[in-house]
Amino acid sequence: MAPKKIGWYEGFNGRDSLFGFVSYAEEIPVAFFEVMPSLLSPYSIPKSLSTALISCIYNSHDSTYDYRSELIQLSVEECRKRGFGSVEALSGKKSSFSNGLASFFLQNGFEDLETVDSSVIMFSGRDDIDLLIRNL
């Protein structure tokens, strides 16, 4: 998977459009957050110049190091600075694909915009993938 991600990232050719944040605990990375303009998204979602997309968020399995809420706030502030009017995320209702549970985003100021794919087969069973939005 890592070579595909590296190839995807290199496709940006130095453009200042992809950004993210990393959280550390005792000099060890424990959380990562990546955001891009929705126009560059590989997903079949509505795309707009004024919308950013959380393309991935990774977090330590140890809940002591759950810094996702802080990373969302940093990303929201950075999106505002870059002139975006909203930020979106894809998330599962029952599974953590692709950015954690939808309930996490709802707790962090996002609204459920629409179900973009229903009855997706995940390791945990069938799930709906929702597009969530936070207006800035």
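Source: prediction; values computed, not measured.

Asks: Looking at this structure, I do not really get the overall build of the protein chain. What am I missing?
Replies: Each helix and strand counted, the protein chain has three helices and six strands in total. Each helix (α) and strand (β) of the protein chain, taken in turn from the N terminus, gives the series α-β-β-β-α-β-α-β-β. Per-residue burial over the protein chain gives 40% buried out of 136 residues. By sequence separation, contacts in the protein chain at least 24 residues apart represent 53% of the contacts at least 6 residues apart. On the protein chain, roughly 7900 Å² of surface is accessible, and the fraction owed to carbon and sulfur atoms is 53%.

Asks: Would you explain the packing of aromatic side chains in this entry?
Replies: The relation between two aromatic rings is expressed through the spacing of the ring centres and the mutual angle of the planes. One pass over the full model with this rule turns up five aromatic pairs. Geometrically, the ring pair formed by Phe104 and Phe105 is edge-to-face, given 5.3 Å between the ring centres and 80 degrees between the ring planes. Accessibility assignment for this pair places Phe104 and Phe105 in one class, buried. Ring pairing ties together the aromatic residues Phe104, Phe105 and Phe110, which thus form one cluster. Between the NZ or CZ atom of Arg68 and the centre of the ring of Phe104, over which it lies, the distance is 3.9 Å.

Asks: Before we go on, may I ask you to explain the pattern of salt bridges in this structure?
Replies: Side chains that differ in sign of charge can pair as their charged atoms come close. Taken as a whole, this structure holds three salt bridges when the rule is applied. For Asp66, the salt bridge identified is with Arg68, shortest N-O distance 2.9 Å. Judged by its relative accessible area of 30%, Asp66 falls in the partly exposed class. Judged by its relative accessible area of 17%, Arg68 is buried. Put simply, Arg82 and Glu78 hold a salt bridge, and the shortest N to O gap is 2.7 Å. Take Arg82: its relative accessible area is 32%, and that puts it in the partly exposed class.

So, how was this worked out
- Residue indices follow the written sequence of each chain, beginning from 1 at its first position.
- Under the rules for a predicted model, residues below a pLDDT of 70 receive no local features and side-chain atom pairs below 80 are neither given nor counted, while totals for whole chains, interfaces and linings still include all residues.
- Each side-chain value is worked out from all heavy atoms of the structure, with water and hydrogens disregarded.
- Numbered from the N terminus, helices here are DSSP runs of H or I no shorter than four residues, and strands are runs of E no shorter than two.
- To sort residues, take the accessible area from a 1.4 Å probe on protein chains only and compare it with the maximum for the residue type: under 20% means buried, over 50% means exposed, and anything in between is partly exposed.
- The criterion used for residue contact is that any of the two residues' heavy atoms lie within 4.5 Å.
- What sets the accessible areas is the Shrake-Rupley method with a 1.4 Å probe; for residues, cover comes only from the shown protein chains.
- Between rings of Phe, Tyr and Trp, where Trp is taken as its six-membered ring, a pair exists when centres lie within 6.5 Å; planes separated by under 30 degrees are stacked, by over 60 edge-to-face, and by other angles tilted.
- For a lysine, the NZ atom is tested; for an arginine, the CZ atom; a charge sits over a ring if that atom is within 6 Å of the ring centre and within 35 degrees of the ring normal.
- Here, a salt bridge means any side-chain nitrogen of Lys or Arg that lies within 4 Å of a carboxyl oxygen of Asp or Glu.

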